[in-house]
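# Summary of structural features
Chain by chain, the residues:
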Amino acid sequence: MELEELKEQIADSQVSYSRSELKEIFTLRTKRTVSKINRKMLIDALLMILTTALLVAATFIIGLRSRYVVSGQIIGFSLLIFVHYRIKSVLIKKAQNSDNGLQIGAEKLVRILNKYIYAYKIILPSFFSILTIKHYYDLTHNWSAVSDHWLIIIIAAVTGYIAANITAKMIYGKELNKLKKIIEAMDWTD
Amino acid sequence: MANTEEEFLDLIDQHQKLIHNVCRMYTGNVDDHQDLFQEIMVQLWKGYANFEKRSKVSTWMYRVSLYTAISHIKRVIKQREAQPHLDLDLDYEQPSLESDSAPLQEAIERLDDGDRAIVLLHLDEKSYKEMAEILGISDSNVGVRLNRVKKKLKTLLISEK
């Protein structure tokens, strides 16, 4: 049998849900799933705010000497996660509804997401190191004394880099894998 | 039910054959078919508010359906295995096509996801332009790839004999 004959058979096949069945699927599955996703996002956001507030409060309660630096790092990190989260959901929504086809859309989105990931891999370590430098400068008001703490500054930068990597993987990992699957499926260059 | 929801259901009702065709192409049994249909509806509903109607509704629906079928199918099946299946009491059966089409359908099932998308759109009599818009490749590339897939199918059919 040729594809053309199968085309006729498929055109004749009557596969459909009734309107009431569609309504049932929509009410019982579609709306519930979307509400569940929205609820989960709200809980995630609240948990993040609560965790950030608790960690910042803890630095003050225990009277940490570098509490402003540590609190700044915690707040910066939380903001980064929040921005990542928003970008991801907005971009994915846009990608699914854009005028680009599957392959171009997926490739474009992967490029954009990768750019953001690279940017955060640069921004977060820099932010951590600047805060550490500022902390030592505020203590001594002497740049040569700050340079004595070069190892701690490097550790702060490396910590920032690792944190950016883990965050990117946690937030974008699944979506990037799905997009790569689409690109692979649409790639006929063999 | 709100107006937007009614409009969305009208849209699904009008174009449900398209979604069923995608489900049939990417699943092998009724349960998977139903689950994929429901997942596609979720993704379409999530994107409906942002759909700007710059492209044809069917083009948008094909994009979202294919995206969901290719990237979500494993998760959809896994989710069903992990959770009890929602009993919707749907009076629906997987379409039974003529038995002489079985070898061709088996050969199609052996194609990879991208090739199956080309076959699906060809079976739905989409023009090269529409296929290009849905898949995100050039019009000329569609022709080349369709011919390549046809050849692949022939080879698979011969090897099965």
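None of the values given here were measured: they were computed from a predicted structure.

Reading the values: rules and limits
Residues numbered from 1 in each chain as written. Chains lettered and ligands numbered in written order. Predicted model: local features only at pLDDT ≥ 70, side-chain atom pairs only at ≥ 80, totals over all residues. Heavy atoms only, no water. Salt bridge = Lys/Arg side-chain N within 4 Å of Asp/Glu carboxyl O. Helix = DSSP H or I, 4+ residues; strand = E, 2+ residues; numbered from the N terminus. Buried < 20%, exposed > 50% of the residue type's maximum accessible area, 1.4 Å probe, protein only. Contact = heavy atoms within 4.5 Å. Buried area = accessible area lost by both parts, 1.4 Å probe. Polar contact = N/O pair within 3.5 Å; in protein donor to acceptor, adjacent residues only side chain to side chain. Nonpolar A, V, L, I, M, F, W, Y, C, P; charged D, E, K, R; others polar.

On to the pattern of salt bridges. With the rule as written, the count across this model stands at 13 salt bridges over all chains. Salt-bridge contacts for E6(B) lead to K23(A); the nearest nitrogen and oxygen are separated by 3.9 Å. With E6(B) in helix α1 (residues 3-26) and K23(A) in helix α2 (residues 19-61), the pair connects residues from two separate chains. The class of K23(A) is partly exposed, set by a relative accessible area of 35%. A salt bridge links K40(A) to D44(A); its shortest N-O distance comes to 3.5 Å. Taken together, the positions of K40(A) and D44(A), both in helix α2 and four residues apart, correspond to about one turn of that helix. Classification of K40(A) by relative accessible area gives exposed; the value is 53%. Within the structure, one salt-bridge network assembled from shared partners comprises R19(A), K23(A), E6(B), D10(B) and D13(B).

Counting residues at the interface gives 48 residues for chain A and 69 residues for chain B. Note on chain A versus chain B: buried area summed over both sides is about 5,700 Å², and carbon and sulfur give 61% of it. At the junction of chain A with chain B, the criterion picks out five salt bridges. One salt bridge in this structure joins E6(B) and R19(A), with 2.6 Å as the shortest N-O distance. Taken together, the links from chain A to chain B amount to ten residue pairs in polar contact (both at pLDDT 80 or more). Put simply, the parts of the chain that give the side of chain A that touches chain B at least two residues each are α1 (3-12), α2, α3 (67-97), α4 (102-140) and α6 (150-186) of chain A. Of all the elements, α2(A) adds the most residues to the side of chain A that touches chain B, at 16 residues. Tallied by class, residues from the side of chain A that touches chain B come to 20 nonpolar, twelve polar and 16 charged.

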